[in-house]
Amino acid sequence: MPQIVELPERPYIGITKTITMTTFGLVGDRIAEMIGWLAERGHEPAGAPFLRYHDIDMPQDRLVVEAGVPVAAPMEGGGDFHAATLPAGRYVTESSHGHPDRLSGVIESLLKWAAEQGLAWDMTEKGGVEHWGCRLELYQTDPRVEPDLNKWDIDLQFRLA
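The present account deals with the structure reproduced in this document. Just so you know, these numbers come straight off a predicted model, no measurement behind them. (Residues numbered from 1 in each chain as written. Predicted model: local features only at pLDDT ≥ 70, side-chain atom pairs only at ≥ 80, totals over all residues. Heavy atoms only, no water.)

Approximately 1200 Å³ is the volume found for the largest pocket. In this structure, the largest pocket is lined by 37 residues; those nearest its centre are F24, L51, P100, E137 and Y139. With five residues, the single largest contributor to the lining of the largest pocket is helix α3 (residues 103-117). Estimates place the volume of the second largest pocket at around 150 Å³. Lining of the second largest pocket is provided by R10, P11, Y12, A46, G47, A48, F50, P70, V71, L86, L138 and Q140. Per-element accounting of the lining of the second largest pocket gives the leading share, three residues, to strand β2 (residues 10-19). (1 Å grid on protein atoms, 1.4 Å probe; cavity = no way out; pocket = protein on both sides within 12 Å on 5 of 7 lines; lining within 4 Å. Points joined across faces, edges and corners; volume = space filled by probe spheres on them. Helix = DSSP H or I, 4+ residues; strand = E, 2+ residues; numbered from the N terminus.)

This is the structure in structure tokens:
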């Protein structure tokens, strides 16, 4: 069952790419590199790495997605990696256990639940493209510890208007 939670601002290091539904690796595969980059600078991730969806254009199969790793305090980016902050606010959260490919069904249920509750997203739509203020998938499972995607835990956090 989805829940509504209040979340503070959260600093992170990220990389943003324009991808398609079949090229998620261009952004997702950079997470391990970011964690290594942080370690070289004496920093540990301050939470689960995530994918942040900025723009979703399903008709054109074009997504603007950012991979991010939370940090304890704001810091400078470097190279391909930029420093940013997730906005504070009210978020709808839901958890999923299983292969990331199953997320579409969980997301569909979450969006339906929110519509039934009369909730409004921090999202605008223009010309069939959804522009999200903050829509996250947080990957709670460390793939080095659990390589089986069917056993992964993923949390969704979608910011409300």
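In the Ramachandran plot, D61 falls in the positive-phi region, its phi being about 50 degrees despite a non-glycine side chain. Of note, D61 is situated in the loop between β3 (50-57) and β4 (62-70). For D61, a relative accessible area of 30% translates into the label partly exposed. (Buried < 20%, exposed > 50% of the residue type's maximum accessible area, 1.4 Å probe, protein only.)

What helix α2 (residues 31-40) keeps buried is the set I31, M34, W37 and L38. Looking straight down α2, one finds that the buried residues subtend no more than 115 degrees of arc, so they occupy a single side. Opposite the buried face of α2, at more than 90 degrees from it, the exposed residues are A32 and E40. Where the residues of α2 are buried, they touch β2, α1 (25-28), β3 and β4. (Arc of directions from axis to C-beta. Contact = heavy atoms within 4.5 Å.)

A word on α3. In this model α3 runs 21 Å from its N-terminal to its C-terminal C-alpha over 15 residues, within 8% of the 21 Å that 1.5 Å per residue would give. Of all the positions in α3, only L103, V106, I107, L110, W113 and A114 are classed as buried. Along the axis of α3, the buried residues cluster in a sector spanning 125 degrees; they form a single face. Seen from the buried face of α3, the exposed residues on the opposite side, beyond 90 degrees, are S104, E108, K112, A115 and E116. On the buried face of α3, the contacting elements are β1 (3-7), β6 (89-97), β9 (135-139) and β10 (153-159). One or two residues past the end of α3 sits G118, with phi positive at roughly 75 degrees. (Expected span 1.5 Å × (residues − 1).)

Now for the environment of I13. Its location among the elements puts I13 in strand β2. Sequence separation between I13 and G77 is 64 residues; the distance between their C-alpha atoms is 6.5 Å.

Examined against the element boundaries, E66 turns out to sit in strand β4. Among buried Asp, Glu, Lys and Arg side chains, E66 stands out as unpaired, with R52 the closest opposite charge at 4.1 Å. A distance of 2.9 Å separates the side chain of E66 from the side chain of Y12, its partner in a polar contact. With near-sequence residues (within four places) excluded, E66 lies in contact with Y12, G14, I15, T16, V27, F50, L51, R52, H54 and H82. (Lys, Arg positive; Asp, Glu negative; His and termini not counted. Salt bridge = Lys/Arg side-chain N within 4 Å of Asp/Glu carboxyl O. Polar contact = N/O pair within 3.5 Å; in protein donor to acceptor, adjacent residues only side chain to side chain.)

Here the focus is the packing of aromatic side chains. In the structure shown here, the tally under the stated rule is seven aromatic pairs. On the basis of an interplanar angle of 55 degrees and a centroid distance of 5.8 Å, the ring pair of W121 and W132 is categorised as tilted. Taken together, the residues span a long stretch of sequence, with W121 in the loop between α3 and β7 (123-126) and W132 in strand β8 (residues 129-132) at a distance of 11 residues. Exposure remark for W132: the relative accessible area of 6% places this residue in the buried category. Between W132 and F158, the ring centres sit 5.5 Å apart and the planes meet at 65 degrees, which makes this aromatic pair edge-to-face. (Phe/Tyr/Trp six-rings, centres within 6.5 Å; stacked < 30°, edge-to-face > 60°.)

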